[in-house]
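# Observations on the model geometry
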Amino acid sequence: MIPALMPTYNRADLAFERGEGAYLWTDDGRRFLDFGAGIATSSLGHGHPHLTRVIAEQAAKIIHTSNLYRVPQAERLAARHVAASFADSVFFCNSGAEANEGMVKAVRKYHAENGHPERFGMICFEGAFHGRTLGMLSATGNAKYLAGFGPPVEGFSHVPFGNMNAVRDAIGPGTGGIMIEPVQGEGGVRPAELRFLRDLRDVCDEYGLLLALDEVQTGMGRSGKLWAHQWAGIEPDVMSSAKGIGGGFPLGAILAKEAVAKYLKPGTHGTTYGGGPLACAAGNAVLDVVLEPGFLDQVDRVARHLWRGLLGLAERHPQVVEGVQGAGLLLGIKLRPDVLNTDMQAAAVREGLLTVAAGMNVLRVAPPLIITEAEADEAVDLLGRACLALTPGRAAAAE
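What you are looking at is a predicted structure, and each value in this text was computed from that prediction instead of being measured.

Calculation rules
Residues numbered from 1 in each chain as written. Predicted model: local features only at pLDDT ≥ 70, side-chain atom pairs only at ≥ 80, totals over all residues. Heavy atoms only, no water. Core = buried A, V, L, I, M, F, W, Y, C linked by side-chain atoms within 4.5 Å. Buried < 20%, exposed > 50% of the residue type's maximum accessible area, 1.4 Å probe, protein only. Contact = heavy atoms within 4.5 Å. Axes fitted to C-alpha atoms, helices over the stretch in contact; angles between N-to-C directions. Helix = DSSP H or I, 4+ residues; strand = E, 2+ residues; numbered from the N terminus. Parallel < 35°, antiparallel > 145°, perpendicular 65-115°, else oblique. Left-handed = near helix turned anticlockwise from the far one by under 90°. Nonpolar A, V, L, I, M, F, W, Y, C, P; charged D, E, K, R; others polar. Phe/Tyr/Trp six-rings, centres within 6.5 Å; stacked < 30°, edge-to-face > 60°. Lys NZ or Arg CZ within 6 Å of the ring centre and 35° of its normal. 1 Å grid on protein atoms, 1.4 Å probe; cavity = no way out; pocket = protein on both sides within 12 Å on 5 of 7 lines; lining within 4 Å. Points joined across faces, edges and corners; volume = space filled by probe spheres on them. Pairing = 2+ DSSP bridges. Salt bridge = Lys/Arg side-chain N within 4 Å of Asp/Glu carboxyl O.

## A look at the nonpolar core
- Within the largest apolar cluster, 86 residues are counted, with the highest numbers of intra-cluster contacts made by Ile178, Ile180 and Leu200.
- Excluding anything up to four places from it in sequence, Ile180 contacts Phe125, Phe161, Ala192, Phe196, Leu197, Leu200, Leu211, Ala212, Leu213 and Asp214.
- Membership of the second largest hydrophobic core comes to 19 residues, among which are Val107, Phe156, Val238 and Ala256.

## Concerning the packing of helix α2 (residues 49-61) against helix α10 (residues 277-290)
- Their axes nearest at 9 Å, the elements α2 and α10 cross at an angle of 155 degrees. Considered as vectors, α2 and α10 are oriented roughly antiparallel to each other. Once α2 is placed against α10, the crossing between them reads as right-handed. Here α2 contributes His50, Leu51, Val54, Ile55, Gln58 and Ala59 to the contact with α10, which in turn contributes Pro277, Leu278, Ala281, Ala282, Ala285, Val286, Asp288 and Val289.
- Tallied by class, the residues present in the contact of α2 with α10 amount to 11 nonpolar, two polar and one charged.

## Overview of the packing of aromatic side chains
- Evaluation of the coordinates by the stated rule reveals six aromatic pairs.
- With 6.1 Å between their ring centres and 85 degrees between their planes, Phe125 and Phe161 make a pair best called edge-to-face. One end of the pair, Phe125, is in strand β5 (residues 121-125); the other, Phe161, is in the loop between β6 (156-159) and α7 (164-170), with 36 residues separating them in the sequence. Accessibility classification places Phe125 together with Phe161 in one group, the buried group.
- Among the aromatic side chains, those forming a connected cluster through ring pairs are Phe125, Phe161 and Phe196.
- One cation-aromatic arrangement involves Arg18 over Trp25; the distance from NZ or CZ to the ring centre is 4.1 Å.

## Overview of unusual backbone geometry
- The backbone of Ser66 shows a phi angle near 85 degrees, a positive value even though the residue is not glycine.
- Mapped onto the fold, Ser66 is located in the loop between α2 and α3 (72-83).
- When its relative accessible area of 16% is taken as the criterion, Ser66 is described as buried.
- The phi dihedral of Lys243 is positive, around 45 degrees, even though this residue is not glycine.
- Mapped onto the fold, Lys243 is located in the loop between β11 (238-241) and β12 (252-256).
- Taking the relative accessible area as the measure of exposure, Lys243 reaches 22% and is therefore partly exposed.

## A look at empty space enclosed by the protein
- Enumeration over the complete set of coordinates arrives at one cavity of 30 Å³ or more.
- The calculated volume of the largest cavity comes to roughly 30 Å³.
- Forming the walls of the largest cavity are His64, Thr65, Ser66, Asn67, Val71, Thr272, Tyr273, Gly274, Gly275, Gly276 and Pro277.
- Residues of the lining of the largest cavity, tallied by class, amount to three nonpolar, eight polar and no charged.

## Regarding the sheet that holds strand β7 (residues 175-180)
- Ordered by their spatial adjacency, seven strands build an open sheet running β4-β12-β11-β10-β7-β5-β6, and the pairing between neighbours is mixed. Each edge of the open sheet is held by one strand with a lone partner, namely β4 (89-93) and β6. Looking at each pair of strands side by side, their axes are set apart by 20 degrees on average, direction ignored.
- Here four bridges tie β5 to β6, and the two strands are oriented parallel to one another. Following the sheet pairing, Ile123 is matched in β6 by Ser157.

## Some points on the sheet that holds strand β1 (residues 16-20)
- Across the sheet, four strands lie side by side as β1-β2-β3-β15; this open sheet has mixed pairing. Where the open sheet ends on each side, the last strands, each with one partner, are β1 and β15 (353-354).
- Two elements, strand β2 (residues 23-26) and strand β3 (residues 31-34), share three bridges in a ladder whose sense is antiparallel. Residue pairing across strands places Trp25 opposite Arg31, the latter belonging to β3.
- Of the strands in this sheet, β2, β3 and β15 touch helix α13 (residues 373-390), which is tilted by about 110 degrees from β3.

## Side note on the packing of α3 against α10
- Two numbers describe how α3 lies on α10: the axes approach to 8 Å, and their chain directions differ by 35 degrees. Crossing handedness for the pair α3 and α10: left-handed. Residues Gln73, Ala74, Arg76, Leu77, Arg80 and His81 of α3 lie in contact with α10, whose contacting residues are Pro277, Cys280, Ala281, Gly283, Asn284, Leu287 and Asp288.
- When its residues are assigned to classes, the contact of α3 with α10 shows six nonpolar, four polar and three charged.

## Quick word on the layout of surface pockets
- A volume near 550 Å³ is recorded for the second largest pocket.
- Every residue lining the second largest pocket is counted, 22 residues in all, and those nearest its centre are Asn67, Ser89, Val90, Phe91 and Phe92.
- Those elements giving two or more residues to the lining of the second largest pocket turn out to be α3, β4 and β12.
- With four residues, the single largest contributor to the lining of the second largest pocket is β4.
- Residue classes in the lining of the second largest pocket are distributed as 12 nonpolar, seven polar and three charged.

## Remarks on the pattern of salt bridges
- Applying the stated criterion across every chain yields a total of 15 salt bridges.
- Arg31 serves as the salt-bridge partner of Glu378, at 3.7 Å between the closest nitrogen and oxygen. Taken together, the residues Glu378 in helix α13 and Arg31 in strand β3 connect sequence positions 347 residues apart.
- A salt bridge links Arg80 to Asp288; the shortest N-O distance between them is 2.9 Å.

This is the structure:
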């Protein structure tokens with residue numbers, strides 16, 4: 001008989017009662033080091049005193065009013081995001097998939113309002129993941145995710161990740177934009193080369209396309225800069241964000257330049273919950289911390305320390321680990337073909353470490369941004385024990 005909670009997930013048999021910083025405790029008292037952060041979402045970790053206080057105070061005042069009225073918390077959060085980014089205007093929603101849907105709508109609306117409604121096509125990339133709505137499944141292009149849901153939504157083409165010749169070949173009279181994650185998270189924690197991102201900016205300018213960046217997973221400091229595209233020294237025309245911007249509270253956003261945002265007028269786009277007082281209070285609390293002087297420098301410093309630790313792990317366990325990839329605190333451990341990432345994930349859980357499986361047989365490491373070097377070292381040690389457990393004949397050298 002089907003359970004009351006629809007069985008759409010393969011859930012681990014773990015239920016967490018409380019959290020503090022980078023640690024979680026189950027309802028039976030076991031402690032875990034959380035290097036999954038709710039799939040790169042709990043950016044400030046668990047029980048962060050400022051975030052939890054702001055949420056509690058706002059919840060005691062007012063939770064929801066709808067967008068029929070002004071929302072001062074959203075106005076303040078939008079102004080702060082504009083001041084800290086390329087954007088001139090921000091639309092708030094509830095999730096990454098919703099932000100990506102709105103981003104694609106913004107691209108299509110831009111071209112339609114400028115006399116080219118036929119330019120609704122988006123060039124996307126193999127290995128991408130943009131969400132689970134019908135539109136974003138089509139943008140993702142993964143046949144496994146699309147199976148059983150009818151024909152894909154029209155307007156999305158896919159080319160190899162990092163292949164500029166393929167991008168140019170795909171541009172046609174119906175192309176309106178290019179949509180890309182600076183680091184493919186679900187697709188194997190594969191970072192785009194900075195030169196490739198710059199080339200995409202150039203080709204968009206050359207052909208009058210809009211560059212649409214999906215920073216749902218890479219944004220809000222995860223790369224060591226506020227936005228991952230800043231490492232390439234470029235600006236998109238429109239960008240999606242979610243996950244870490246609410247610190248664990250559901251919040252998504254579309255950030256856009258005025259040339260794009262001005263066409264999303266009343267009646268063209270909307271959401272009931274998006275940009276509500278409670279969500280935007282959480283978003284402001286996250287910005288309070290992330291924009292504090294020295295915070296992003298600390299993220300970058302700890303991320304480089306963790307990177308070095310994972311490279312050492314790969315050297316010590318060549319029968320298990322093939323390599324390390326990613327950027328900032330979104331890192332991937334590429335495993336040998338005979339070691340499944342789900343097995344490695346389970347082995348890490350047995351040692352007291354939470355991680356997240358990704359595509360291409362990669363184990364994703366995406367801890368809260370507030371971790372210390374000592375916690376990074378602890379994670380590497382726990383991963384080493386997991387590697388030993390999965391080493392054929394347990395022949396690997398001791399840690």
